[in-house]
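# Structural overview
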Amino acid sequence: MTATAEMTAPVLTAKDFANEQEVRWCPGCGDYSILKQVQTILPQIGIARENIVVVSGIGCSSRFPYYMNTYGMHSIHGRATAIASGLKAARPELSVWIVSGDGDSLSIGGNHTIHLLRRNFNVNLLLFNNQIYGLTKGQYSPTSEENKVTKSSPAGSLDHPFNPAALALGADATFIARSMDRDPKHLQQMLLRANAHHGASFLEIYQNCNIFNDGAFEIFTEKSSKAEEALFLEQGQPLIFGANKDKGIRLNGHKPEIVKLGEGFNADDLWIHDEKDFFKAQILVRLFDNPHSAEHFPRPFGVFFETQRASYEDAMAMQIDEFTAKKGKGNLDKLLQGNETWEID
Amino acid sequence: MSVPTQVVEDVVIKFAGDSGDGMQLTGTQFTNNTALIGNDLSTFPDYPAEIRAPLGTVAGVSGFQVHFSSQRVYTPGDSCDVLVAMNAAALKVNIKTTKKGGIIILNLDGFDSKNLRLAGYADGVNPLNDDSLQGFEVYKIDVTKLTREALTDISGLGVKEKDRAKNMFVLGFIYWLYNRDLQTTIAFLEDKFGKKPDIFNSNVLALKAGYNYGDTIEAFTTRYKVEKAKLPSGKYRSITGNTAVAYGLLAASEQSGLPLFLGTYPITPATDILHDLSKFKNFGVKTFQAEDEIAGITSAIGASYGGSLGITTTSGPGMALKGEAMGLAVILEIPLVIINIQRGGPSTGLPTKTEQSDLFQAYYGRNGECPMPIVSASTPSDCFDAVFEAVRIAVQHMTPVIFLSDGYIANGAEPWKFPQTKDLKKIEVSFKKELAEGETKLRPYKRDEKGVRPWIVPGTAGLEHRIGGLEKEDETGNVSYDSENHQIMVKNREAKVNNIADYIPLQTLDSGPEQGDVLVLGWGSTYGAIKSAVAELQGKGKSVAHAHLRYVRPFPKNLGEMMKNYKQVLIPEINNGQLIKIIKAEYLVNAKGYNKIKGTPISRAELVGAIEELF
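These remarks concern the structure in this document. Just so you know, these numbers come straight off a predicted model, no measurement behind them.

What follows is about the packing of helix α6 (residues 166-177) of chain B against helix α8 (residues 197-216) of chain B. Residues and elements named next belong to chain B. For the pair α6 and α8, interaxial distance at closest approach is 7 Å and the crossing angle is 40 degrees. Regarding the angle of α6 to α8, the classification is oblique. Crossing angle aside, the handedness with which α6 passes α8 is right-handed. In this structure, α6 contributes Met168, Phe169, Leu171, Gly172, Phe173, Tyr175 and Trp176 to the contact, and α8 contributes Asn203, Ala206, Leu207, Ala209, Gly210, Tyr211, Tyr213, Gly214 and Asp215. Looking at the contact of α6 with α8 residue by residue, the class counts come to 11 nonpolar, 4 polar and 1 charged.

According to the stated counting rule, one finds 37 aromatic pairs over all chains in the structure shown. With 5.7 Å between their ring centres and 75 degrees between their planes, Phe278 of chain A and Phe279 of chain A make a pair best called edge-to-face. Each ring, one from Phe30 of chain B and one from Tyr175 of chain B, has its centre 6.0 Å from the other, and the planes form 20 degrees; the classification is stacked. In this pair, Phe30 of chain B is assigned in helix α1 (residues 23-36) and Tyr175 of chain B in helix α6, connecting sequence segments 145 residues apart. With respect to class, Phe30 of chain B is no different from Tyr175 of chain B; both count as buried. Clustering of aromatic rings is evident, with ring pairs tying together Phe15, Phe30, Phe68, Tyr175, Tyr178 and Tyr224 of chain B. Geometry around Tyr503 of chain B places Lys450 of chain B over its ring, the cationic atom sitting 5.6 Å from the centre. Sitting over the face of the ring of Tyr445 of chain B, Arg453 of chain B holds its NZ or CZ atom 4.2 Å from the ring centroid.

Moving on, we get to the sheet that holds strand β7 (residues 175-180) of chain A. In space, the 9 strands of this open sheet follow the order β9(A)-β13(A)-β7(A)-β8(A)-β4(A)-β3(A)-β1(A)-β2(A)-β17(B), with mixed pairing throughout. Here the strands that pair on one side only, and so sit at the sheet edges, are β9 (230-232) of chain A together with β17 (466-468) of chain B. Across this sheet, the average inter-strand angle for adjacent strands is 20 degrees, counted without regard to direction. Direction of pairing for β7 of chain A relative to strand β13 (residues 299-306) of chain A: antiparallel, over a ladder of 4 bridges. Opposite Ala177 of chain A, over in β13 of chain A, you have Val303 of chain A as the bridge partner. Packed onto the sheet, helix α2 (residues 80-90) of chain A meets β1 (52-56), β2 (71-74), β3 (95-101) and β4 (124-129) of chain A and runs at close to 175 degrees relative to β3 of chain A. Packing of helix α6 (residues 184-196) of chain A onto the sheet brings it into contact with β3, β4, β7, β8 (201-206), β9 and β13 of chain A, and relative to β7 of chain A it is tilted by some 160 degrees.

A few words on the nonpolar core. Residue and element names in this part refer to chain B. Judged by nonpolar contacts, the single largest core of 99 residues is most densely connected at Ile301, Ile402, Leu521, Phe555 and Leu579. Here this core spans two domains, since at least three of its residues come from each of domain 2 (238-423) and domain 3 (509-612). Not counting residues within four places of it along the chain, the set of residues in contact with Leu521 comprises Ala547, Leu549, Leu559, Met563, Val569, Leu570, Ile571, Pro572 and Ile583. Core analysis: the next-biggest nonpolar cluster, separate from the first, contains 57 residues, Ile311, Ala386, Leu424 and Trp455 among them.

Mapped onto the secondary structure, Thr421 of chain B falls in the loop between β16 (413-416) and β17. Look at Thr421 of chain B and you get buried, because its relative accessible area is 19%.

Here we come to the interface of chain B and chain A. Taken together, the contact between chain B and chain A spans 75 residues of the former and 60 residues of the latter. The contact between chain B and chain A buries some 5600 Å² in all, and 60% of this surface belongs to carbon and sulfur atoms. Counting across the interface, chain B meets chain A through 3 salt bridges. Between Arg49 of chain A and Glu464 of chain B there is a salt bridge; the shortest N-O distance is 4.0 Å. Linking chain B to chain A there are 28 residue pairs in polar contact (both at pLDDT 80 or more). Taken together, the elements giving at least two residues each to the side of chain B that touches chain A come down to α1, β9 (234-240), α9 (241-256), β11 (286-289), α11 (293-305), α12 (316-332), β16 and β17 of chain B. Of all the elements, α11 of chain B adds the most residues to the side of chain B that touches chain A, at 8 residues. Per-class residue counts for the side of chain B that touches chain A are 38 nonpolar, 24 polar and 13 charged. Sheet analysis places β2 of chain A next to β17 of chain B, joined by 3 bridges and oriented parallel. For Gly72 of chain A, the partnering residue across the bridge sits in β17 of chain B and is Arg466 of chain B.

Rules behind the numbers
Residues numbered from 1 in each chain as written. Chains lettered and ligands numbered in written order. Predicted model: local features only at pLDDT ≥ 70, side-chain atom pairs only at ≥ 80, totals over all residues. Heavy atoms only, no water. Axes fitted to C-alpha atoms, helices over the stretch in contact; angles between N-to-C directions. Helix = DSSP H or I, 4+ residues; strand = E, 2+ residues; numbered from the N terminus. Parallel < 35°, antiparallel > 145°, perpendicular 65-115°, else oblique. Left-handed = near helix turned anticlockwise from the far one by under 90°. Contact = heavy atoms within 4.5 Å. Nonpolar A, V, L, I, M, F, W, Y, C, P; charged D, E, K, R; others polar. Phe/Tyr/Trp six-rings, centres within 6.5 Å; stacked < 30°, edge-to-face > 60°. Buried < 20%, exposed > 50% of the residue type's maximum accessible area, 1.4 Å probe, protein only. Lys NZ or Arg CZ within 6 Å of the ring centre and 35° of its normal. Pairing = 2+ DSSP bridges. Core = buried A, V, L, I, M, F, W, Y, C linked by side-chain atoms within 4.5 Å. Domains from an automatic or database assignment. Buried area = accessible area lost by both parts, 1.4 Å probe. Salt bridge = Lys/Arg side-chain N within 4 Å of Asp/Glu carboxyl O. Polar contact = N/O pair within 3.5 Å; in protein donor to acceptor, adjacent residues only side chain to side chain.

Structure below.
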């Protein structure tokens with residue numbers, strides 16, 4: 001059951017998805033890379049430009065639709081998810097992409113985000129997480145680490161941060177993945193996977209704000225530390241990381257633990273990634289340690305979890321069909337008349 | 001024994017009891033039965049905000065007033081001829097609006113010491129034993145005992161369940177008193193309880209027992225009958241305001257060819273519209289019960305953007321939450337209808353009581369220069385035509401439109417000479433599908449002669465474009481922070497809304513002379529009270545006219561001129577004076593207000609008094 005438009009489109013390139021608008025993000029912003037990767041993969045998904053709609057809320061990331069040569073709406077703060085829900089319910093055949101940030105999707109729009117995920121509209125939610133409020137010039141966000149010193153928290157923030165992947169899983173999202181602006185190949189793969197999933201695809205993208213929160217994800221993205229700190233998930237493969245590919249994660253009962261390969265353990269002893277396993281996903285999303293603490297797990301990137309569940313708009317269409325088949329097509333005159341009438345001469 | 005029947009012209013009955021006594025159902029059944037015999041009628045359900053308010057207390061009283069007549073009826077009536085009180089609290093609340101000499105039917109069981117205490121009667125005081133009911137025709141019936149006796153043969157139900165049929169006993173008795181047929185209610189019960197034979201049988205037995213009780217006791221010496229009303233000829237049904245809104249939206253969807261999408265969140269007293277529309281799936285209607293009021297309106301904006309007829313329904317507190325999204329719809333310039341079934345405010349206020357106090361909110365309740373057309377409904381059946389107009393304006397002028405109704409007409413019922421589909425106007429809508437000849441580049445905010453931009457929906461090849469909540473450049477729609485441009489766009493959006501005045505009918509008088517002493521100008525649910533008050537004074541030879549606004553923004557073009565033809569203008573409202581301030585600001589008219597803010601409709605009598613004071 002696929003509701004997305006499959007039109008025979010002419011062969012397009014990334015350029016066809018760019019327009020003449022001047023891109024106005026700060027030089028060096030991670031958003032540029034994400035825009036480029038999206039424009040790169042769209043020609044590959046075989047959907048005509050006119051059937052793609054990018055909906056955004058408010059924040060730096062939410063300027064995204066203006067730079068796309070598709071249909072788009074830059075809406076109001078936090079509500080892109082709800083607008084996309086209505087659009088998708090009304091027009092299931094459209095390919096709908098939601099572009100949002102950590103403030104937009106997890107703070108002011110947190111409610112709509114969890115409801116979009118549980119309802120499972122077939123949309124792609126790209127959550128640009130830079131752990132800061134950029135457009136308002138630097139206040140802590142709901143994903144900022146504790147004790148964050150910003151303009152609104154000069155003595156350090158008191159808020160405990162959200163773990164977005166765990167939140168999405170808690171909301172019964174059917175597709176949960178994480179990627180980063182600085183790894184174009186991985187990001188492209190994840191965008192394609194998100195698009196291929198029929199249902200609400202939750203893709204968290206670590207995005208560097210070089211003005212107000214520079215280097216927030218450096219430890220995962222820089223060559224010098226990436227191999228040790230980032231764990232790339234691959235379906236059916238053991239969880240291995242490290243510059244020498246010599247470390248792995250195994251499950252000791254329900255407890256994950258880091259082991260050294262060759263020192264009493266080999267790849268067969270490791271946790272084999274299975275993105276269909278809901279229970280393993282519960283553990284995987286919790287590998288969310290502070291990377292600067294003494295002992296910590298590497299941060300996973302890739303698809304944490306994917307499952308199939310009817311999308312809301314498909315279920316809605318089916319219910320209408322079934323109801324119509326049972327009751328017959330509605331007749332307005334009969335309805336207006338009702339069951340009880342009387343005549344006045 | 002046969003009791004003689006007396007023909008009467010006009011009757012108001014009030015059914016009152018605990019909120020668990022089934023008074024709303026009893027009232028609705030009596031109303032349907034009344035409608036079917038061809039009386040004109042108007043109803044006023046009045047109930048507490050709690051589902052089961054404290055038993056036996058004054059706060060827990062639920063009432064249903066029905067006014068029926070062989071003459072035209074415009075209000076549920078100021079006071080009742082017949083009061084049915086199921087307990088002491090119901091009597092206490094309603095005795096002051098029962099006519100002297102009227103009939104009071106009391107359920108004896110509801111006047112024991114406990115009920116008297118809960119109703120707040122002083123120790124030892126019992127209205128059944130003192131002289132407080134002197135001047136009324138009082139009938140004390142032990143409804144509980146009689147109902148139980150009638151149901152002795154039903155073995156499958158306990159006493160508590162049997163007692164639930166008490167309201168049917170009362171209904172049966174009133175049917176007897178007004179010479180009615182039981183069949184409509186039996187058919188209703190069969191539909192509702194057909195699958196639960198014990199409950200069905202107990203209700204029917206109680207109904208018949210109540211009817212037969214009237215026949216057998218000799219207390220009543222007269223039965224009554226109200227002849228068919230002299231309404232314009234045609235086929236009628238009974239309708240409430242909220243159902244009329246649902247039907248009007250569906251009709252507008254069919255007549256415009258736009259699929260209907262309702263994004264909403266349940267809120268009293270608007271929820272019934274969701275209930276109704278969610279039944280119409282075989283018309284292709286999509287209803288979406290969103291996670292909150294904001295998602296209700298924003299999902300509707302998404303649907304409108306996609307080319308559907310986007311609707312959201314709510315009441316005052318929900319309107320407050322939707323404010324920012326309304327602003328988005330205004331700046332996007334896309335169609336949307338926001339339905340506000342007003343209730344008492346501010347904040348949670350009086351959820352089940354009526355008020356017209358959201359007019360300022362509709363006019364001004366958004367950030368920035370944010371004009372929106374406002375359409376209001378004046379009676380339950382008028383909701384159909386008014387909401388149809390709201391849709392027409394929204395889709396033909398590319399603007400969100402606010403539709404105002406209120407709890408009084410939303411829940412109230414009246415006869416409706418329903419239209420045939422073939423008599424409904426078409427609502428012409430067109431989407432822009434391609435560039436026009438000579439047009440080299442799409443200008444999504446280029447306006448036509450009405451000041452309206454084209455509606456372009458995703459999926460239209462070659463017209464891809466971006467819209468948003470940032471100020472946009474004139475015509476191109478590109479983001480613009482240019483100061484000159486902002487002023488142009490503010491004026492453009494205002495002109496677009498003002499231009500609607502060219503596409504709505506001129507204001508007409510409902511009754512009265514074209515020039516004279518007093519014009520009573522109303523809007524919304526005060527229609528019936530104004531109409532009957534003005535008619536009474538016209539009957540006394542007073543020079544008084546009545547005009548009732550459907551279009552509250554923009555006003556009909558001739559409104560200012562019309563007001564100049566009278567020495568005085570009176571504006572009655574169920575609020576602290578809102579339309580009057582707008583009218584004064586717009587037309588510099590020295591209008592006077594009559595304002596009631598008690599959560600109840602304005603009565604005919606008090607309005608007659610207010611108008612007479614002007615002479």
